[in-house]
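# Chains, contacts and geometry: an overview
So the chains spell out like this:
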Amino acid sequence: MKILLKALVVMMVFTGCKDKNQVPSNVLKPSKMQDVMWDMFEAQSLAQQRANKDSSTTVAIETKKLSEEVFKIYGITEKKFNDSYHWYLNHPSLLNQMLDSLNSQKSEENRPIPDRPDLDRPEIKNARLKTPAKQIE
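In short, a report on the structure. (Residues numbered from 1 in each chain as written. Predicted model: local features only at pLDDT ≥ 70, side-chain atom pairs only at ≥ 80, totals over all residues. Heavy atoms only, no water.)

### Overview of the environment of V70
For V70, the position within the fold is in helix α3 (residues 59-74). In the structure, V70 is positioned 33 residues away from M37 in sequence and 9.4 Å away in space, judged by C-alpha atoms. (Helix = DSSP H or I, 4+ residues; strand = E, 2+ residues; numbered from the N terminus.)

### Some points on the packing of aromatic side chains
Applying the stated criterion to the full structure yields three aromatic pairs. With a centroid separation of 5.6 Å and 40° between ring planes, the pair formed by F71 and F81 is classed as tilted. With F71 in helix α3 and F81 in helix α4 (residues 78-89), this pair connects stretches of sequence that are 10 residues apart. For the pair F71 and F81, a shared accessibility class is recorded, and that class is buried. Each ring, one from W87 and one from Y88, has its centre 5.1 Å from the other, and the planes form 90°; the classification is edge-to-face. Summarising the burial analysis for this pair, W87 and Y88 share the class buried. Cluster of aromatic residues (ring-pair linked, three or more members): F71, F81 and Y85. (Phe/Tyr/Trp six-rings, centres within 6.5 Å; stacked < 30°, edge-to-face > 60°. Buried < 20%, exposed > 50% of the residue type's maximum accessible area, 1.4 Å probe, protein only.)

### A look at the packing of helix α2 (residues 30-53) against α3
Put simply, α2 and α3 touch, their axes get as near as 8 Å, and they point 150° apart. Looking at the two axes, α2 sits roughly antiparallel to α3. Viewed along their axes, α2 and α3 form a crossing whose handedness is right-handed. From α2, K32, D35, V36, D39, M40, A43, Q44, L46, A47, Q48, R50 and A51 reach across to α3, where they touch V59, E62, T63, L66, S67, V70, F71 and Y74. Of the residues that constitute the contact of α2 with α3, the class distribution is 11 nonpolar, four polar and five charged. (Axes fitted to C-alpha atoms, helices over the stretch in contact; angles between N-to-C directions. Parallel < 35°, antiparallel > 145°, perpendicular 65-115°, else oblique. Left-handed = near helix turned anticlockwise from the far one by under 90°. Contact = heavy atoms within 4.5 Å. Nonpolar A, V, L, I, M, F, W, Y, C, P; charged D, E, K, R; others polar.)

These values are about where atoms sit, not about what they do.
Dropping the structure here:
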């Protein structure tokens, strides 16, 4: 009985010490999630601009189109992004770190994040995904 009790205590200690902010394998790692989120923000902004200029479309339609392009660029599915996004929502300290880091990088550098697909590549421009800053005049 004592051995069983000791084993149970040891298991509880190891389980309690597990890092709750450890990113599971089915979730995008913070650096990639940060890059995808930035491009999703850009896509939403661009969708709003397009919908304002073209009465034959809506923000929802444009957002869907551009989101699919972002997923294609990063080689992920909408489900993978949504699952990752919901996981980070349930781990606000990591989400806040990512958003703070993203904000400071963009504020300080005002240039693309390293290792992020270049949105100015011709094949992406032809796919109608451009950075919002270049379209605002």
